[in-house]
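Residue-level structure breakdown
Okay, here's what each chain looks like letter by letter:
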Amino acid sequence: MRGHRDLRRAVAASVLCAAVALILPFPAICLVFAVPLCLFLPGYAIASAAFAHRPLARMQTLVLSVGLSLAVLALGALLLNYLPGGLRAGTWALLLVLVVFSGCRAAALRRPKPSGASRSTWPRLQVSKSGGVLLGGGALAAIAALLLAMTPVPAKNAVGYTELWLSTRSNARSGVVRVGVRSEEQHEVGYFLRVRLDGEKPKLRLFNLVPGETRMFRVRTAPPSGAPVPVVASLFRQDEPKSVYRRLTGLVPPPGKSR
Amino acid sequence: MAPGAAGPASDTGSVSSMPAEPTGRSRPAQAGIPISGLLAKVRPGADTVPLLVFSAGFGLLLCSVANALSRAALAPSPLIYWMGILIVALPIFHRLSSTDPSARERFGLVCLLGLTLYSVKVIHDAPLFTFSDELIHAFNANQIASHHHLFHANPLLPVTPYYPGLEGATSALASMTGLSSYSAGVVLVGAARLVLMGSLFFLFARVGGSARTAGLAAALYTANFNFLFWGAQFSYESLALPLLMLTMMLFAEREITPKASLKAWTAPIVLAIAAVTVTHHLTSYALAAALVAISLAYWYVHRRWRSPNPWPFALVTLAVAAVWLLVIAGSTVGYLSPVLSGAVKAIVNTATGESPPRALFHSSSGTAIEATPLSARAISFLAVALLTVGLPFGLWRVWKRFRSQPFALVFGVAAVGFFGTLALRLTPPAWETGNRASEFLFVGLAFVLAATGLETWRPRARPWLGRALLTGCLGVLLVGGAISGWPWDAQLSQPLRVSAEGKTIVSPPLGLAEWAREEVPGGRFAAPSADARLLLAPGGEIAMSGESPDIEDILSETSLAGWELPLLRKHHLRYVVTDGRALSEDVLRGYFFSTRESVAQEEPAQKDTVTKFAHIPGATRIYTNGDIAVYDLEGKR
């Protein structure tokens, strides 16, 4: 690829991007390196090889590079599906680097020397100070829009609720009932939980939960020897202690049988 | 060449060298908008693009504020949102209608417009998918991430895993970065949007021979009914359509290539055709149809089948689509044929008066929703009226100037065809077919309307009138198209995650999905449609809903019929979700918090429909959050 600086750079960039994306454990930084590898370089290499004799305009090259990269990803998934290893980070990186290398190699062989395309540069954006302020302002506004969209906002009119769930299991020594309560209410709520196992005294719990908080309870009992043992979990709100707020039923299975 | 027709488009091989407008660069930008304060220092011309970037960012922020107010259940005025959209689009429309910008600037503006409008969709529901198809495709992407292979079954839309282009591509980004399918999908569809806008620009530029017409036509395409939301979702068509447009662009460029260089286009074109085929069924058929149409138009214009007539590629596309259909995706026939035959039957029934036409601006799901205001309907109808009025002028100009161009002829036919899809909207089962087809046909309409040349109309007393009128019309088309393409009450986001005392709480169906993911990994659920989708993603469970298998009747009837438990057993559905909310079957609105107002208006579900499973001996009720409950039918299915 001597004399074709753009092709050399594309290959080097693909190797660097693949290595960094695979090694670093930070998704946001990996994305910065994975995006060129996945969404630009394969298409650029293929476009360079295809149009080695008749380079396209830069803007067209940009569109073609992204578009063909998307095509490579769509078809590459199919190829990897039938190869050992399947679709994994490593196989993807290897495939994309291979595509970039092959495309650039083909381009280098087909291009007339010295290549005009390899000498040309991408257009530079010339922006005045006030223009820079406006560009920065626009970018900041877009980032603010995205952050605002991702930020949960208070919604007093939204109807909150409480989740109650129950699971049971047994082993040779005991039967276990797990009861979970999660508050998705708008404010802190006091609860009263009653777990009643067939033939046993009810187990009672009094507790408060703030919004988004979860509390798990375990109730142990003797393992059922024959038929499953019924269990009922009833949840009350402390501000309305006379009416059942949530109610669940379960069966504690004999040892060796799951529910 | 037909007599009187204009010659072929510029043969420079480079759109960057194409004149912005044949009349040349005439005068500085019209200062129609007063600029004061800080902006007084802005230099006209040099700082126009930064100014447009700023207005796009500001418009996007305004849309986000409107969404935030809506998520806070404060019922904000929709005007805030629509102002935001117009602040994004109108300055760009106005600039594109000018003779001043270079082709490069127009390309940049078209991409800016496309990506900012895509961001309007992203901020609608970040950081979770909430559109019904998105949840299905996110499930497929998660399955690929888990199993490292394609073609894992999807319980809600079985045909989707057999068109794995989008999810396969998403897996590349997701696996290499560790990002979720949401984040990787948003980036991927964003890249596809860039390709869509860029391809449209170059396609129109090559056919129209003018970067100005190209910029306006590409901007016009954003007014198609599905551009803002439906076409921007994480769904297979969102990738396939840009790839289709890329293929069209490649053919348009190939047409003006010297014969000796024609072979250079083969590899990129075949690659793009294959990618479309493995990504989306309908788009691959649309691509084949488009290539056949262009081949015929080429023959009509040039009276020859020799290269660059693209008929061999049309055959390749047909062959690849047929092979994929027969070998890999056989279930597509069973998926599409009821939709298409239902559409045909509905057209006949409506035409013969056997069934009434579909009421516009009403929910197809049957749930009671907020009515579309009269003003919004008026804008929507005005948009259609503008399209209709512009069509004959555009067709006349296309015939006069571009009838020697096969692509332009196909665009003209597509433009007329678009109005056929409007008629399909009047019949209930054909609505979806018309809606899908309109996205493809609008490409032709965009070019035809841009060819009218309204922007060049300069009355002596008011030389700015043509551009102002065009800018206004484009604004009406954009807003009217968005209103027609997406239900009024769903334009703004709804509360899904809410801040309460500094913590985050989630909506009941999302709470169910998160519970299932934690407590019942690998569970198989029968559930109402909205709950089932969230159970798929982010729940990661297997969930079935709807009519096939007939989960809908199992959940909606007040008593258990004899066939119901065997059906659940046949599909290994151990868990049954009951949901007392009226919106539980609504795949557009069923994911969010109820508000006090909506609860007050809601008719309570019949008690037996949600409690009947408690009477099954051995069945246990293992989860509840009030409206939603889960029954475990182990041993009794």
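Our structure is the block above this text.
Just so you know, these numbers come straight off a predicted model, no measurement behind them.

Conventions and cut-offs
- Residues numbered from 1 in each chain as written.
- Chains lettered and ligands numbered in written order.
- Predicted model: local features only at pLDDT ≥ 70, side-chain atom pairs only at ≥ 80, totals over all residues.
- Heavy atoms only, no water.
- 1 Å grid on protein atoms, 1.4 Å probe; cavity = no way out; pocket = protein on both sides within 12 Å on 5 of 7 lines; lining within 4 Å.
- Points joined across faces, edges and corners; volume = space filled by probe spheres on them.
- Helix = DSSP H or I, 4+ residues; strand = E, 2+ residues; numbered from the N terminus.
- Salt bridge = Lys/Arg side-chain N within 4 Å of Asp/Glu carboxyl O.
- Buried < 20%, exposed > 50% of the residue type's maximum accessible area, 1.4 Å probe, protein only.
- Pairing = 2+ DSSP bridges.
- Axes fitted to C-alpha atoms, helices over the stretch in contact; angles between N-to-C directions.
- Contact = heavy atoms within 4.5 Å.
- Core = buried A, V, L, I, M, F, W, Y, C linked by side-chain atoms within 4.5 Å.
- Buried area = accessible area lost by both parts, 1.4 Å probe.
- Polar contact = N/O pair within 3.5 Å; in protein donor to acceptor, adjacent residues only side chain to side chain.
- Nonpolar A, V, L, I, M, F, W, Y, C, P; charged D, E, K, R; others polar.
- Patch = residues over 30% accessible without salt bridge, like charges linked within 9 Å, V, L, I, M, F, W, Y side chains within 5 Å.
- Areas by Shrake-Rupley, 256 points an atom, 1.4 Å probe, with all protein chains shown as cover.
- Lys, Arg positive; Asp, Glu negative; His and termini not counted.
- Charge placed at Lys NZ, Arg CZ, Asp CG, Glu CD.
- Disulfide = S-S within 2.5 Å.
- Parallel < 35°, antiparallel > 145°, perpendicular 65-115°, else oblique.
- Left-handed = near helix turned anticlockwise from the far one by under 90°.
- Phe/Tyr/Trp six-rings, centres within 6.5 Å; stacked < 30°, edge-to-face > 60°.

**Concerning empty space enclosed by the protein**
As enumerated under the stated definition, the model contains eight cavities of 30 Å³ or more in all. Approximately 130 Å³ is the volume found for the largest cavity. Contributing to the lining of the largest cavity are 16 residues, with Arg-71, Asp-125, Ala-126, Gln-494 and Leu-496 of chain B lying nearest its centre. Of all the elements in the fold, those that place two or more residues in the lining of the largest cavity are α7 (129-150) of chain A together with α3 (103-125) of chain B. With three residues, α3 of chain B is the largest single contributor of residues to the lining of the largest cavity.

**Digging into the pattern of salt bridges**
Considering all chains together, one arrives at 18 salt bridges over all chains under this definition. Where Glu-200 of chain A meets Lys-203 of chain A, a salt bridge forms, and the shortest distance between an N and an O atom there is 3.3 Å. Here Glu-200 of chain A falls in the partly exposed class, since its relative accessible area comes to 29%. A salt bridge links Asp-489 of chain B to Arg-589 of chain B; its shortest N-O distance comes to 2.5 Å. Placement of Asp-489 of chain B in the loop between α16 (465-485) and β1 (497-500) and of Arg-589 of chain B in the loop between β5 (575-579) and α21 (596-601) is noted, with a sequence separation of 100 residues between them. Beyond isolated ion pairs, a larger network of salt bridges with shared partners links Glu-163, Arg-182 and Glu-184 of chain A.

**What to know about the sheet that holds strand β3 (residues 175-184) of chain A**
Read from one edge to the other, the open sheet built from eight strands follows the order β6(A)-β3(A)-β2(A)-β6(B)-β7(B)-β5(B)-β3(B)-β4(B), with strand pairing classed as mixed. Strands at the two margins of the open sheet, each flanked by one partner only, are β6 (214-221) of chain A together with β4 (542-544) of chain B. Taken pair by pair, the neighbouring strands of this sheet meet at an average axis angle of 25 degrees, ignoring direction. This element, helix α18 (residues 529-536) of chain B, spans β3 (524-526), β4, β5 and β7 (628-632) of chain B of the sheet and lies at about 165 degrees to β4 of chain B.

**Some thoughts on unusual backbone geometry**
What is expected of a backbone is that most residues other than glycine have negative phi and most peptide bonds are trans. All names here are of chain B. Going from Ser-307 to Pro-308, the amide bond is cis rather than trans, its omega being 15 degrees. By the element assignment, Pro-308 lies in the loop between α10 (281-302) and α11 (311-328). In this structure, Pro-549 follows Ser-548 across a cis peptide bond, with omega equal to 0 degrees. Mapped onto the secondary structure, Pro-549 falls in the loop between β4 and α19 (551-556). Of note in this structure, Glu-501 is not a glycine but carries a positive phi near 50 degrees. Counting through the fold element by element, Glu-501 comes out in the loop between β1 and β2 (503-506).

**Points about the nonpolar core**
Core analysis: the biggest nonpolar cluster contains 217 residues, and Trp-92 of chain A together with Tyr-81, Phe-204, Leu-246, Met-248, Trp-515 and Phe-525 of chain B have the highest contact counts within it. No other element matches helix α6 (residues 181-208) of chain B, which puts 17 residues into this core. Residue contacts for Phe-525 of chain B: discarding those within four places in its chain leaves Trp-515, Ala-516, Val-520, Leu-535, Glu-541, Ile-542, Ala-543, Met-544, Leu-573, Tyr-575, Val-577 and Val-630 of chain B. Judged by nonpolar contacts, the second largest core, of 19 residues, contains Phe-207, Phe-217, Val-219 and Leu-235 of chain A.

**Thoughts on the sheet that holds strand β7 (residues 229-237) of chain A**
Residue and element names in this part refer to chain A. Ordered in space as β5-β4-β7-β8, the four strands form an open sheet in which the pairing is antiparallel. Edge strands, defined here as strands with exactly one partner in the open sheet, are β5 (203-209) and β8 (246-252). Sheet twist, expressed as the average angle between the axes of neighbouring strands with direction ignored, equals 20 degrees.

**Some details on the pairing of β1 of chain B**
Pairing of strand β1 (residues 153-154) of chain A with β1 of chain B, which is carried by two bridges, proceeds in the parallel orientation. Pairing of Pro-154 of chain A across the sheet is with Ser-499 of chain B, part of β1 of chain B. With four bridges connecting them, β1 of chain B and β2 of chain B associate as antiparallel partners. Each bridged residue has a counterpart across the sheet, and for Val-498 of chain B the counterpart in β2 of chain B is Ile-505 of chain B. Once β1 of chain B ends, the chain turns through two residues before running back antiparallel as β2 of chain B, passing Glu-501 of chain B with a positive phi of about 50 degrees.

**A closer look at the interface of chain A and chain B**
With 92 residues of chain A at the interface, the matching set in chain B holds 108 residues. Summed over both sides, the interface between chain A and chain B buries roughly 8300 Å², with carbon and sulfur atoms accounting for 68% of that surface. Linking chain A with chain B are one salt bridge, by the criterion used here. Along the contact surface separating chain A from chain B lie 24 residue pairs in polar contact (both at pLDDT 80 or more). Considering every element that reaches the side of chain A that touches chain B, the biggest residue donor is helix α4 (residues 58-81) of chain A, with 17 residues. Considered class by class, the residues forming the side of chain A that touches chain B number 60 nonpolar, 20 polar and twelve charged. Pairing of strand β2 (residues 161-170) of chain A with strand β6 (residues 620-624) of chain B involves two bridges; the strand directions are antiparallel. Pairing of Leu-164 of chain A across the sheet is with Thr-624 of chain B, part of β6 of chain B.

**A word on a positive patch on the surface**
Residues and elements named next belong to chain A. Among the surface-exposed residues, Arg-2, Arg-5, Arg-8, Arg-9 and Lys-113 lie close enough to one another that they form a single positively charged patch. Tracing the chain through its elements places Arg-5 in helix α1 (residues 5-23). Judged by its relative accessible area of 41%, Arg-5 falls in the partly exposed class.

**Overview of the state of the cysteines**
In total, this model carries zero disulfides over all chains according to the counting rule given. Considering cysteine sulfurs only, Cys-17 of chain A is the nearest to Cys-38 of chain A, which forms no disulfide, with 9.1 Å between them. Here Cys-63 of chain B stays unpaired: no disulfide links it, and the sulfur of Cys-111 of chain B, its closest cysteine neighbor, is 20 Å away. Owing to a relative accessible area of 0%, Cys-63 of chain B belongs among the buried residues under this scheme.

**Side note on the side chain of Ser-199 of chain B**
Topologically, Ser-199 of chain B is positioned in helix α6. Here Ser-199 of chain B falls in the buried class, since its relative accessible area comes to 0%. Once you skip the residues sitting within four places of it in the chain, Ser-199 of chain B turns out to touch Val-63 of chain A together with Pro-242, Met-245, Leu-246 and Met-249 of chain B.

**Description of the packing of α6 of chain B against helix α7 (residues 211-221) of chain B**
Residues and elements named next belong to chain B. Between α6 and α7, whose axes approach to 8 Å, the crossing angle comes to 140 degrees. Judged by the inter-axis angle, α6 sits oblique to α7. By crossing handedness, the relation of α6 to α7 is classed as right-handed. Contacts from Leu-196, Met-197, Leu-200, Phe-201, Phe-204 and Ala-205 of α6 reach α7 at Ala-211, Ala-214, Gly-215, Ala-217, Ala-218 and Tyr-221.

**Regarding the packing of aromatic side chains**
Residue and element names in this part refer to chain A. Counting across every chain of the model gives 33 aromatic pairs over all chains. Between Phe-40 and Tyr-44, the aromatic rings sit 5.6 Å apart at their centres with planes inclined by 20 degrees, giving stacked as the arrangement. On the basis of relative accessible area, Tyr-44 is assigned to the buried category, the value being 7%. Both rings, one in Phe-192 and one in Phe-236, keep their centres 5.5 Å apart while their planes meet at 50 degrees; by these two values the pair is tilted. One end of the pair, Phe-192, is in strand β4 (residues 189-197); the other, Phe-236, is in strand β7, with 44 residues separating them in the sequence. For Phe-192, a relative accessible area of 26% puts it in the partly exposed group. Exposure remark for Phe-236: the relative accessible area of 6% places this residue in the buried category.

**Re the packing of helix α13 (residues 374-402) of chain B against helix α14 (residues 406-424) of chain B**
Residue and element names in this part refer to chain B. Relative orientation of the contacting elements α13 and α14 amounts to 160 degrees, with a least axis distance of 10 Å. Judged by the angle between their axes, α13 and α14 are roughly antiparallel. The chirality of how α13 crosses α14 is left-handed. When α13 is examined against α14, the residues Val-384, Leu-387, Thr-388, Leu-391, Leu-395, Val-398, Trp-399 and Phe-402 are found in contact with a partner set consisting of Ala-408, Leu-409, Gly-412, Ala-415, Val-416, Phe-418, Phe-419 and Leu-422. Its residues placed into classes, the contact of α13 with α14 shows 14 nonpolar, two polar and no charged.

**Digging into a nonpolar patch on the surface**
Residue and element names in this part refer to chain B. Together, Val-292, Leu-296, Trp-299, Tyr-300, Trp-305, Trp-311, Leu-315, Leu-318 and Trp-399 make up an exposed nonpolar region whose accessible area comes to about 880 Å². Only α10 and α11 provide two or more residues apiece to the nonpolar patch. Looking at which element gives the most residues to the nonpolar patch, the answer is α10, with four residues. Along the chain, Val-292 falls in helix α10.

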